[in-house]
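Each chain, letter by letter, is given below.
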Amino acid sequence: MSEQQPNVAPPSATDPLDRAPLPGATQFMREYVRDYPEVVRAGSLQSALQAEADRGGHELTIELTASPGWRRVAAKAEADGRSTYVLMARDERLFLVDCWTHGIQMASGSTQDLSEVAGAMQSWLRTSEVREFVEQWTFLRTWELAEAHERGEAIPARWRVMRKHAAMSAAREQRTDWWDLVEAAFEQPRLRALSPGRAMYWFTLSRRAAPPVCHDLPRARPLGDGRFEVRFADGRLQEVNGATTTIATILDGLPDDAAP
């Protein structure tokens, strides 16, 4: 997050936005007056972004998000499975931007410049590759999993990330239950073809790396002291000793159609 101070002068005593009482939406957004004067004047981020997009000649339709509490301070734009969400930071001038495609977060970042936000939204809804996109809009970043999804290599990339994090966790916590479980699963070709995940303390598997993920495949979690618990799709729980035995139990419980 940038340490640069907002390039916005605080409202003076004669600024109409600083006078009380403020009507409607403006009253609701009083705390944002200093850092987001143009947004407060417009009444909402949606209105301010739409005006900025129109001034820049961008063919964008800015919409409200589904969160009622963010009605004035968040906005989105969507097209052809792609979407961009923008949220105003509360204690400093920063527009927080997240870019998604078909339910996968592909890029994220923040900027103080509303015109940059509008331009990036336009580009994301029309660009072809995420790497090219973040090189154009340098306040945004992407990561390995996002680029792997774009290449159609999400499952191998998710395994690489899962194993890396498991090894780091084992070294940090001086316990290997989770790492043992992940490595035992990775050794099985049938499981290695599925997408691994972590839901709280559970190791999960899915036929798809992108949403909607599967919830009908067995999952497991460490209980400590080399013991594990396996949960099946019908809700049954089975306690097992050892990571290798746990993975064998998962394999026995896989449905016949458990394939990518």
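Shown above is the structure to which this text applies.
Anyway, here's the lowdown on the structure attached to this text. Please read all numbers here as calculations on a predicted model, not as lab measurements. (Residues numbered from 1 in each chain as written. Predicted model: local features only at pLDDT ≥ 70, side-chain atom pairs only at ≥ 80, totals over all residues. Heavy atoms only, no water.)

**Comments concerning the layout of surface pockets**
Computed from the structure, the largest pocket encloses a volume of approximately 240 Å³. Of all the secondary-structure elements, those providing two or more residues to the lining of the largest pocket are strand S6 (195–199) and strand S7 (202–206). Per-element tally for the lining of the largest pocket: the top contributor is S6, with 5 residues. Among the residues forming the lining of the largest pocket, the class breakdown is 9 nonpolar, 5 polar and 4 charged. Approximately 200 Å³ is the volume attributed to the second largest pocket. Ala166, Ser169, Ala170, Glu173, Arg175, Thr176, Asp177, Trp178, Trp179, Arg198, Tyr201 and Pro222 together form the lining of the second largest pocket. For the lining of the second largest pocket, the secondary-structure elements that each account for two or more residues are helix H7 (154–173) and helix H8 (177–186). Counting residues per element, the lining of the second largest pocket draws most heavily on H7, which supplies 4 residues. Along the lines of polarity and charge, the residues of the lining of the second largest pocket split into 6 nonpolar, 2 polar and 4 charged. (1 Å grid on protein atoms, 1.4 Å probe; cavity = no way out; pocket = protein on both sides within 12 Å on 5 of 7 lines; lining within 4 Å. Points joined across faces, edges and corners; volume = space filled by probe spheres on them. Helix = DSSP H or I, 4+ residues; strand = E, 2+ residues; numbered from the N terminus. Nonpolar A, V, L, I, M, F, W, Y, C, P; charged D, E, K, R; others polar.)

**Overview of the packing of helix H3 (residues 45–55) against helix H4 (residues 114–124)**
In the contact formed by H3 and H4, the axes pass within 9 Å of each other and the chain directions differ by 75 degrees. Looking at the two axes, H3 sits roughly perpendicular to H4. Across from Leu45, Ala48, Leu49, Glu52 and Ala53 in H3, the residues of H4 making contact are Leu114, Ser115, Val117, Ala118 and Met121. When grouped by side-chain class, the residues that make up the contact of H3 with H4 number 8 nonpolar, 1 polar and 1 charged. (Axes fitted to C-alpha atoms, helices over the stretch in contact; angles between N-to-C directions. Parallel < 35°, antiparallel > 145°, perpendicular 65-115°, else oblique. Contact = heavy atoms within 4.5 Å.)

**Quick word on the sheet that holds strand S3 (residues 95–101)**
Spatial strand order, S1-S2-S3-S4-S5: 5 strands in an open sheet with antiparallel pairing. Each edge of the sheet is formed by a strand with only one pairing partner; in this case those strands are strand S1 (74–79) and strand S5 (140–141). Against the sheet, H3 touches S1, strand S2 (82–88) and S3, its axis set at about 50 degrees to S1. (Pairing = 2+ DSSP bridges.)

**Quick look at the pairing of S7**
Counting buried positions over the 5 residues of S7 gives 5, a clear majority of the element. Across 5 bridges, S6 lies against S7 in antiparallel orientation. When the bridges of S7 are listed, Ala199 appears paired with Trp202. Count of turn residues in the S6/S7 antiparallel hairpin: 2 residues, of which Met200 carries a positive phi of about 60 degrees. (Buried < 20%, exposed > 50% of the residue type's maximum accessible area, 1.4 Å probe, protein only.)

**Some details on the pattern of salt bridges**
Under the counting rule described, the total for this entry stands at 16 salt bridges. The salt bridge partner of Glu78 is Lys76, with a shortest N-O separation of 3.8 Å. In this structure Lys76 comes out as buried when scored by relative accessible area, which is 13%. Its salt-bridge partner being Glu144, residue Arg160 comes within 3.0 Å of it at the nearest N-O pair. Of this pair, Arg160 sits in helix H7 while Glu144 is found in helix H6 (residues 144–151), placing the two residues 16 residues apart along the sequence. The class for Arg160 is partly exposed, based on a relative accessible area of 45%. By sharing partners, the salt bridges in this structure join Arg207, Asp216 and Asp257 into a single network. (Salt bridge = Lys/Arg side-chain N within 4 Å of Asp/Glu carboxyl O.)

**Some thoughts on the packing of H8 against helix H10 (residues 243–253)**
Contact pair H8 / H10: the axes reach a minimum separation of 9 Å and the direction vectors enclose 50 degrees. In this view, H8 runs oblique relative to H10, as classed from their interaxial angle. For the crossing formed where H8 meets H10, the hand is right-handed. Taking contact as the criterion, the partners of Asp180, Leu181, Ala184 and Ala185 in H8 are, on H10, Ala243, Thr244, Thr246 and Ile247. Among the residues making up the contact of H8 with H10, the classes are represented as 5 nonpolar, 2 polar and 1 charged. (Left-handed = near helix turned anticlockwise from the far one by under 90°.)

**Comments concerning H10**
Those residues of H10 that sit buried are Ala243, Thr246, Ile247, Thr249 and Ile250. Looking straight down H10, one finds that the buried residues subtend no more than 155 degrees of arc, so they occupy a single side. Across H10 from its buried face, at more than 90 degrees, point the exposed residues Thr244 and Asp252. Where H10 is buried, its residues meet H8, helix H9 (189–192), S7, strand S8 (219–224), strand S9 (227–231) and strand S10 (237–241). (Arc of directions from axis to C-beta.)

**Structural notes on unusual backbone geometry**
Between Pro211 and the following residue, Pro212, the backbone shows a cis peptide bond with an omega angle of 0 degrees. Positive phi, normally seen in glycine, also occurs at Asp80, with a value near 50 degrees. Residue classification places Asp80 among the exposed positions, given a relative accessible area of 76%. At Met200, a residue that is not glycine, the phi angle is positive and equals roughly 60 degrees. Residue placement: Met200 occurs in the loop between S6 and S7.

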